Amino acid sequence: QVQLVESGGGLVQAGDSLRLSCAASGRTFSSRVMGWFRQAPGKEREFVARIRWSTGSTYYADSVKGRFTISRDNAKNTVYLQMNSLKPEDTAVYYCAAGIYYTSNSNDYNHWGQGTQVTVSS
């Protein structure tokens, strides 16, 4: 059993920055990869970024590349998503997820957090 709790969402203006956190607890040993996904109203859940716990290797969706940075603190079992130069189209519920495979497919992740709302006004 793995529990994930997101935090750090809120309402910001375009161009602002925000940092999301995802704290993992429970049996996290097999969760080798942490990912961030987002879902806007009327749209499907989309991949944002992922990171390997062991190496810190990262991968980003084209829509956020250069603006977002994913990182982790192994000792704290926490992954972060630093979001800079936010745009209105970044508005969504952001979810963290844990899984075994280094993939962009949400179906491949086994554990999910409740999500945190990020709203970017123009």
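Preceding this paragraph is the structure being described.
This report concerns the structure included in the present document. (Residues numbered from 1 in each chain as written. Predicted model: local features only at pLDDT ≥ 70, side-chain atom pairs only at ≥ 80, totals over all residues. Heavy atoms only, no water.)

Describing the pattern of salt bridges
Moving on, step 1. Following the criterion strictly, the structure yields 4 salt bridges and no others.
Moving on, step 2. When the shortest N-O distance is used, the salt bridge between Asp 90 and Arg 38 registers 2.9 Å. Separated by 52 residues along the polypeptide, Asp 90 in the loop between β8 (78-83) and β9 (92-99) and Arg 38 in strand β4 (residues 33-39) bring together distant segments of the chain. Each member of the pair Asp 90 and Arg 38 is classed as buried.
Moving on, step 3. The residue Arg 67 makes a salt bridge to Asp 90 at a minimum N-O spacing of 2.8 Å. Residue Arg 67 is found in the loop between β6 (58-60) and β7 (68-73), and its partner Asp 90 is found in the loop between β8 and β9; the two are separated by 23 residues along the sequence.
Moving on, step 4. The network of salt bridges with common partners includes Arg 38, Glu 46, Arg 67 and Asp 90. (Salt bridge = Lys/Arg side-chain N within 4 Å of Asp/Glu carboxyl O. Helix = DSSP H or I, 4+ residues; strand = E, 2+ residues; numbered from the N terminus. Buried < 20%, exposed > 50% of the residue type's maximum accessible area, 1.4 Å probe, protein only.)

Some thoughts on unusual backbone geometry
Moving on, step 1. The backbone of Asn 77 shows a phi angle near 55°, a positive value even though the residue is not glycine.
Moving on, step 2. Its location among the elements puts Asn 77 in the loop between β7 and β8.
Moving on, step 3. Assessed through its relative accessible area of 25%, Asn 77 is described here as partly exposed.
Moving on, step 4. With a phi close to 50°, Ser 85 is a non-glycine residue in the positive phi region.
Moving on, step 5. Tracing the chain through its elements places Ser 85 in the loop between β8 and β9.
Moving on, step 6. What makes Ser 85 partly exposed here is its relative accessible area of 40%.

Describing the pairing of strand β3 (residues 18-26)
Every other side chain in a regular strand lies on the same face of the sheet, so the side chains alternate between the two faces.
Moving on, step 1. For strand β1 (residues 2-7) and β3, the ladder comprises 6 bridges, and the chain directions are antiparallel. Bridged to Leu 4 within β3 is Ala 24.
Moving on, step 2. Two strands pair when backbone bridges link them, and β3 and β8 are joined in this way by 6 bridges, in the antiparallel orientation. The partner of Cys 22 across the bridge, within β8, is Val 79. (Pairing = 2+ DSSP bridges.)

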